[in-house]
Amino acid sequence: MSEMMVFTSLFSTYIRYRTGIENCQTVFERGDWVEQGYTLETGEALICFEPASHLIASSWWHIAPGAINTFALIVSSFTIVQALRYASKPVGEIDENRRKKLVTRYLGSTWLLAIIFLTLKMVEWFIGFNIGPFHAPSLLEDGYTIHNTVYPFAGSGHGEEHLTANLRLSASTFYVATGTHGAHVFGGIVGLSYMTYKAHKGGYSPSNAVSIEYFGLYWHFVDLVWVLVFPAFYLY
């Protein structure tokens, strides 16, 4: 319940800012920002809402980490269910060595998918993609940070004129929401590390398989939150 309250607060804050603060693209197209002095020459910055999706959805190489992460978390929900399935099979219905191997395999797969998720998140935020001729800068390289108060917004047309935008509000809502979710994924990785080690030692049987079920409920919640975060912050 407490986790639901946390993410409900984050989503409601995002919706409030997204709908209550004028979009930077709308301001740019209206054109009155030039007379008002919000240009690079004056150094005055306008507080408008610039969603991260404006940068992320600009090309496949920008949106790839989020798309792959969505697939990874959906698959990880399947692997954690499979781990529970084999751990809870009655004694005698499955060979104990096979139980040990399969539970370890599926918990380890869930752990690996969670690692992939956080790794791609770091690529998206700090590293960017540089694969042959393809280059997609990170959000940090693009200047989408909570400290950027003089972001040169060029609009969808990328012309020579630039509206100077203050990104603190826009970037903060994005990083706090996705960062909080990432922290929950990291917590899951810690738990999965212990559970995978325990499974490797043959520590799961029908008598204690419920612990995997309890963790699975947490992990399904983390997956569900991302299914909401991805379209809200990456596509809209």
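For every chain, the first residue of its written sequence is number 1, and the numbers climb from 1 along that sequence. For a predicted model such as this one, the threshold for reporting local features is a pLDDT of at least 70, and the threshold for listing and counting side-chain atom pairs is 80 or more; totals across whole chains, interfaces and linings nevertheless cover every residue. Excluded from the side-chain calculation are hydrogens and water; included are all heavy atoms of the structure.

Between helix α5 (residues 60-87) and helix α8 (residues 210-235), the shortest axis-to-axis distance is 10 Å and the interhelical angle comes to 165°. Taken together, the axes of α5 and α8 lie roughly antiparallel to each other. As for how α5 packs across α8, the hand of that crossing is left-handed. In the contact of α5 with α8, the residues fall into 15 nonpolar, 7 polar and 2 charged. In this analysis, axes come from line fits to C-alpha atoms, helices being fitted only over the stretch in contact, and the angle between any two N-to-C directions falls in the range 0 to 180 degrees. Where helices and strands are cited, they refer to DSSP runs of H or I of at least four residues and of E of at least two residues respectively, numbered from the N terminus. Note on terminology: angles under 35 degrees are roughly parallel, angles over 145 are roughly antiparallel, angles of 65 to 115 are roughly perpendicular, and the others are oblique. We call a crossing left-handed when the near helix sits turned anticlockwise from the far one by less than a right angle, and right-handed when that turn is clockwise. By the convention adopted, Pro, Cys, Tyr, Trp, Phe, Met, Ile, Leu, Val and Ala count as nonpolar, Lys, Arg, Asp and Glu as charged, and the other residues, Gly among them, as polar.

Another point: helix α6 (residues 96-127). Each residue after the first adds 1.5 Å to the expected span of a helix. With 32 residues, α6 extends 44 Å between its outermost C-alpha atoms, agreeing within 8% with the 46 Å of an ideal straight helix rising 1.5 Å per residue. As used in this structure description, the phrase polar contact means that two N or O atoms lie within 3.5 Å; if the pair is within protein, one of them must be able to donate a hydrogen and the other to accept it, and residues adjacent in sequence are counted only when both atoms belong to side chains. The backbone nitrogen of Asn97 lies 3.1 Å from a side-chain oxygen of the residue at the head of α6, namely Asp95. Looking one or two places after α6, you find Gly128, whose phi comes out positive at around 85°.

Another aspect to go through is empty space enclosed by the protein. One way to see where empty space is left: roll a probe the size of a water molecule over the atoms. Cavities and pockets are found on a 1 Å grid laid over the protein atoms alone: a cavity is a set of points where a 1.4 Å probe fits but cannot escape, a pocket is an open set with protein on both sides within 12 Å along at least five of seven lines, and a lining residue has an atom within 4 Å of such a point. Grid points are joined across faces, edges and corners, and a volume is the space filled by probe spheres set on the points. The full count for this structure, using the stated rule, is 2 cavities of 30 Å³ or more. What the largest cavity holds in volume is close to 70 Å³. As for the largest cavity, its lining consists of Ile56, Trp61, His62, Pro65, Val123, Glu124, Gly128, Phe129, Ala136, Pro137, Ser138 and Leu139. Breaking the lining of the largest cavity down by element, the ones donating at least two residues are α5 and α6. The biggest single contributor to the lining of the largest cavity is α5, with 3 residues. Split by residue class, the lining of the largest cavity holds 8 nonpolar, 3 polar and 1 charged. One number sums up the size of the second largest cavity: a volume of about 40 Å³. Considering the residues around the second largest cavity, the lining is formed by Tyr14, Phe49, Pro51, Ala52, Ser53, Tyr144, Ser170, Thr173, Phe174 and Phe233. Considering each element in turn, the lining of the second largest cavity owes the most residues, 3 residues, to helix α7 (residues 168-200). Here the lining of the second largest cavity is built from residues that sort into 7 nonpolar, 3 polar and no charged.

The nonpolar side chains of a soluble globular protein tend to be buried, and buried together. Among the buried residues, those of types Ala, Val, Leu, Ile, Met, Phe, Trp, Tyr and Cys that are joined through side-chain atoms within 4.5 Å form a nonpolar core. Each residue gets one of three labels from its accessible area relative to the maximum for its type: buried under 20%, exposed over 50%, partly exposed in between, using a 1.4 Å probe on protein chains only. Judged by nonpolar contacts, the single largest core of 60 residues is most densely connected at Leu107, Tyr144, Phe174, Ile212 and Phe233. Looking at this core element by element, the count peaks at 12 residues for α8. Whether two residues touch is decided by their heavy atoms; if any such pair falls within 4.5 Å, the residues are in contact. Excluding residues that lie within four positions of it along the chain, Phe233 makes contacts with Phe11, Tyr14, Ala52, Ser53, Thr173, Phe174 and Ala177.

What follows concerns a nonpolar patch on the surface. Distance thresholds for patches are 9 Å for like charges and 5 Å for nonpolar side chains (Val, Leu, Ile, Met, Phe, Trp, Tyr), applied to residues having over 30% relative accessible area and no salt bridge. Shrake-Rupley sampling with a 1.4 Å probe provides the accessible areas, and residues are treated as covered by the protein chains on show and by no other component. Counted as salt bridges are all cases of a side-chain nitrogen of Lys or Arg within 4 Å of a carboxyl oxygen of Asp or Glu. Where nonpolar side chains cluster on the molecular surface, the patch consists of Ile68, Trp111, Leu112 and Ile116 and spans about 320 Å² of accessible area. Here the element with the most residues in the nonpolar patch is α6; it accounts for 3 residues. As for its position among the elements, Ile68 is in helix α5.

Looking now at a positive patch on the surface. Under the counting rule used here, the positive set is Lys and Arg, the negative set is Asp and Glu, and His together with the chain ends is not counted. Where a charge sits is defined by one atom per residue type, namely NZ (Lys), CZ (Arg), CG (Asp) or CD (Glu). A contiguous patch of positive charge, built from Arg85, Arg98, Lys101 and Arg105, is present on the exposed surface. Turning to its location among the elements, Arg85 is positioned in helix α5.

This part covers the pairing of strand β5 (residues 163-166). A two-sided burial pattern is seen for β5, the buried positions comprising Leu163 and Ala165 on one face and Thr164 and Asn166 on the other. Pairing of strand β1 (residues 46-47) with β5, which is carried by 2 bridges, proceeds in the parallel orientation. Note on β5: the bridge partner recorded for Leu46 is Ala165. Looking at chain direction, strand β4 (residues 151-153) and β5 are connected through 3 bridges and run antiparallel. Residue pairing for β5: Pro152 is matched across the bridge by Thr164. At least two DSSP bridges between two strands are needed for those strands to be called paired.

Within an α-helix, residues lying three or four positions from one another point in the same direction, as the helix has 3.6 residues per turn. With 19 residues, helix α1 (residues 2-20) ought to run about 27 Å at 1.5 Å a step, and its terminal C-alpha atoms sit 27 Å apart, in line with that. Listing the buried residues of α1 in full gives Phe7, Leu10, Phe11, Tyr14 and Arg18. Across the axial projection of α1, the buried residues extend over an arc of 90°, all falling on one side. Projecting away from the buried face of α1 at angles above 90 degrees are the exposed residues Met5, Arg16 and Thr19. Looking at the buried side of α1, the elements it contacts are α7 and α8. Directions from the helix axis toward the C-beta atoms define the arc.

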